[in-house]
Amino acid sequence: MTRSVEDRQPLDLRLLPAACLSWAAAFAAISSSASVSLGLGLTLALVACALGLALWLLPQAAASRMWPVALQALLCTAVCCAVALSAAGDQRRWEETGWNQAVDSGVPIQVQLRVTADPAPLAPADSELDWGSETAGHRAAAEVLQAELPGSPAAQQIEAPVVLIDRSGQAGDLQAGQRYSGLVTLGETEGADRATAVAAPFGDEAFTRLPEDRCSRLTAAFSRLRTGTAEAAQVAVEPADQLLPGVILGDRSRQSQELTESMRVAGLSHMTVVSGTHCALVMGALLGMLRLLRAPRWTVPPALLLGLALFVLLVQPAPSVMRAAVMGSIGAVAVFAGRGRASSALLCATVVLLLIWDPWYAAEPAFQLSVAATAGIVCAGQRLQEVFSSRLPRAVSGPLALAVSAQLLVTPVLLPIAEGVTLYSVPANILAAPLLPLATVPGTVAAVLSTAAPAISTALLWLAGFPAAGIAAIGSAASSLPQALAPWPEGWLGLTLAACYTGAALLGCRLLVLGRPPGPRQLSVLVAAAGMLTAVVLPASALRPASVDQDWRFALCDVDQGDMLVVRTAETAAVVVDAGEHPELAQRCLSVLNVETVEVLMITHEHLDHYGGAGGIFEAAAVHQVLYSGSADFDAAQALEELTVPLEDVPVRRAQPGDQGTHGNAWTVRWSVWSAPSHYPGANDNSLVTLFELSTPQTPAGAVGSANNPLRLLGFGDLEEEVASMMLHAGSLPEHVDVLKVAHHGAANSGTAVLESLQPDAALIGVGAENTYGHPDPVILEALQRQGSAVYRTDQHGTVTFSLQPGRLQAERVERISW
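Residues numbered from 1 in each chain as written. Predicted model: local features only at pLDDT ≥ 70, side-chain atom pairs only at ≥ 80, totals over all residues. Heavy atoms only, no water.

Student: I would appreciate a short explanation of empty space enclosed by the protein in the present structure.
Tutor: Empty space among the atoms becomes visible once a probe the size of a water molecule is rolled across them. What the rule picks out here adds up to 4 cavities of 30 Å³ or more. The computed volume of the largest cavity comes to approximately 80 Å³. Considering the residues around the largest cavity, the lining is formed by 13 residues, among which Leu565, Val577, Asp578, Gly715 and Lys741 are closest to the centre. Each residue belonging to the lining of the largest cavity can be placed in one class, and the counts come to 6 nonpolar, 4 polar and 3 charged. Taken as a whole, the second largest cavity spans an internal volume of roughly 70 Å³. Lining the second largest cavity, in full, are Phe716, Leu719, Ala724, Leu740, Ala743, Ser750, Gly751, Val754 and Leu755. In terms of residue class, the lining of the second largest cavity is built from 7 nonpolar, 2 polar and no charged. (1 Å grid on protein atoms, 1.4 Å probe; cavity = no way out; pocket = protein on both sides within 12 Å on 5 of 7 lines; lining within 4 Å. Points joined across faces, edges and corners; volume = space filled by probe spheres on them. Nonpolar A, V, L, I, M, F, W, Y, C, P; charged D, E, K, R; others polar.)

Printed below as a string of structure tokens:
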């Protein structure tokens, strides 16, 4: 197939400097105060006026020569000025009304707000973020319309976006589009954050719903469609019933943690939020219908705009949705018009206009990803399709070119978000992309008909469930592959590698656009970048199977910032204490250790970093029973069911002091529960304390690990210093242990009294690399050093196995699982 003359023309990049500089100006403005933004805007306005005046005063001959450069400079200056002044307008209003001062003061204030998006359940709180409740709570985006600020005689018009976080359960009853009044406390956000504050209800004060206005009534009508669609989607096959609301409406509240994580690791999470792709698909389907109906050409643009506006209202007009609508419509128009060269100019113009309209887009990852993906498609998509189509069928070459070109420039933006490289995102997107319109288009029609024709809506959603289930299956399969989320170095090394990759990607795009092979220097740059990327995503441990000491007796698993201890009871069986927070890491550890049966899964308490990965345990092995401790209101069976862990007939019971068990044949493992309280106010102090005694008949009598002197391994959960000291003084702890699983990841509040009393030969610390909590604390490490204890940390040593050798304990690093 030959290309047209226009297809051979270079990209129109005349607006690229304006787009880049406006982005920089927006980021500078939103990260500053109102006075700085205003000063920046006025300075740029003066510069623009000076440039225009200089150009007008120049002689005609000189002006004609300088016209292109001067016009570019004038455009860039004017655009940056508009962006800065746009940000300054909002910032100045928040300062002049006293809103910023109210946020800083933390004093409860009476507000009138409008909820802008449906409340979403909060993830269970991390053990370090104790809000007083571990599972309940909701998060909602809202806009404060009015506030009674300190020192103001009347309510002030604010119009400030906030994030509403509520642990009492009130926010779950709030509805998007409705107005509410109530007393809230305010907290600060980061400087470049769109939300001006984090708001929480004050005490037991409930929000009062205000009478509906025009906006509320309109939003309520579409909210009924959303609710009806989400409920009707339950007829779809599993797990499509969870995925369909996200694919159609961007509502991920019904997705399980496991499904959400698998979609993220596979690089498919963009399919469950409203993106430019969804908007383009809706416009494409609407355009196809108009053509089938032979609608007059003049009716097509307004019909498309009306359809897009209704779709935005259906999925809720949050800023991210508005951005997706604009980007998707620009892309769709460019594709339908067949103007390949114009796409780059349209993209740059769109970036400029969106940043002038809302400068806070500059700091939003979704906007960055959208622009990066579109830029990759514009720069390299057409050329890649030509290259692929010469060797592959058209049905494969098109989606492959789209996925590869979109991924080219998206990867550097994804690194800090995904915490690594989603290694299989390209093949996963190639397989899932054809299924997305089959779920989105009929699903959107079903949403429109959900209240008027529920039977037809249900049938359409049932049909849409099959491609949605296919997308979920692709995500699950891709996320379970080795190195699905390849780690990326942090710090300056990571930034340098990202910059090298970006430069190589831009060079590759340029060569593709020009349609010529690389020269020697260019080839060396591309090969070097490919080598660095390969070295990062395919470390040596991924190229060879992990080797495990066949005589291991217990193992400390690397599950990032969490705990997981495995005590071997038979060749392929074990007792597991805690499961970390990430199912894939827990599953990986048991697979590496070749554990197929878990005789007892012990959950020390209710913090997610101790049981959130239980789904991976059940996936990797057959679990015989679950034993747990924790606060009185913690029900492990219910918590595991909320994580969609397949309990089936597995018994789950609360541990009691004195519980014990014996396992093993070739060697013996005895365990006994020393503490399992439920009455302490802090969840950490209700941790399960278990002593393991390991022995083998081959060990000489009297040696550690023999029948009369078993190796003693004590697990503490997250027990804190005060309660641990009480147990110590009451004689409720062993006098000595050989191995201690240090409490609370080595946090300072675990104390040193127990360490000094038990004097373990080896100390185990489950902790995430470069965690933000400062674990393990230097005080704990110094105390262990004074005792002469050998310290094994998952952040430094990864997963470590331990075997009993005559007269000593042999440790061996297996592999770094979480990196």
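Student: What is the right way to read a nonpolar patch on the surface from this model?
Tutor: On the surface, a nonpolar cluster with roughly 380 Å² of combined accessible area is contributed by Val235, Trp462, Leu463 and Phe466. Within the secondary structure layout, phenylalanine 466 lies in helix H17 (residues 454-479). Residue phenylalanine 466 is classed as partly exposed on the basis of its relative accessible area of 41%. (Patch = residues over 30% accessible without salt bridge, like charges linked within 9 Å, V, L, I, M, F, W, Y side chains within 5 Å. Areas by Shrake-Rupley, 256 points an atom, 1.4 Å probe, with all protein chains shown as cover. Salt bridge = Lys/Arg side-chain N within 4 Å of Asp/Glu carboxyl O. Helix = DSSP H or I, 4+ residues; strand = E, 2+ residues; numbered from the N terminus. Buried < 20%, exposed > 50% of the residue type's maximum accessible area, 1.4 Å probe, protein only.)

Student: Help me understand the pairing of strand E3 (residues 138-148) in this model?
Tutor: Every other side chain in a regular strand lies on the same face of the sheet, so the side chains alternate between the two faces. The pairing of strand E1 (residues 109-115) with E3 spans 6 bridges and is antiparallel. Looking across to E3, one finds that arginine 114 is bridged to glutamate 143. Both strand E2 (residues 120-121) and E3 contribute to a ladder of 2 bridges, which runs antiparallel. Its bridge partner lying in E3, alanine 120 is registered against arginine 139. Across 9 bridges, E3 lies against strand E4 (residues 156-166) in antiparallel orientation. By the bridge assignment for E4, glutamine 146 is matched with glutamine 157. (Pairing = 2+ DSSP bridges.)

Student: Teacher, can you tell me more about the packing of helix H15 (residues 425-432) against H17 here?
Tutor: Where H15 meets H17, the closest approach of the two axes is 10 Å, and the angle between their N-to-C directions is 165°. As judged from the angle between their axes, H15 and H17 are roughly antiparallel. Crossing angle aside, the handedness with which H15 passes H17 is right-handed. Contact with H15, carried on its side by Ala428, Leu431 and Ala432, involves Ile471, Ile474 and Ala478 of H17 and no other residues of that element. Grouping the amino acids of the contact of H15 with H17 by side-chain chemistry returns 6 nonpolar, no polar and no charged. (Axes fitted to C-alpha atoms, helices over the stretch in contact; angles between N-to-C directions. Parallel < 35°, antiparallel > 145°, perpendicular 65-115°, else oblique. Left-handed = near helix turned anticlockwise from the far one by under 90°. Contact = heavy atoms within 4.5 Å.)

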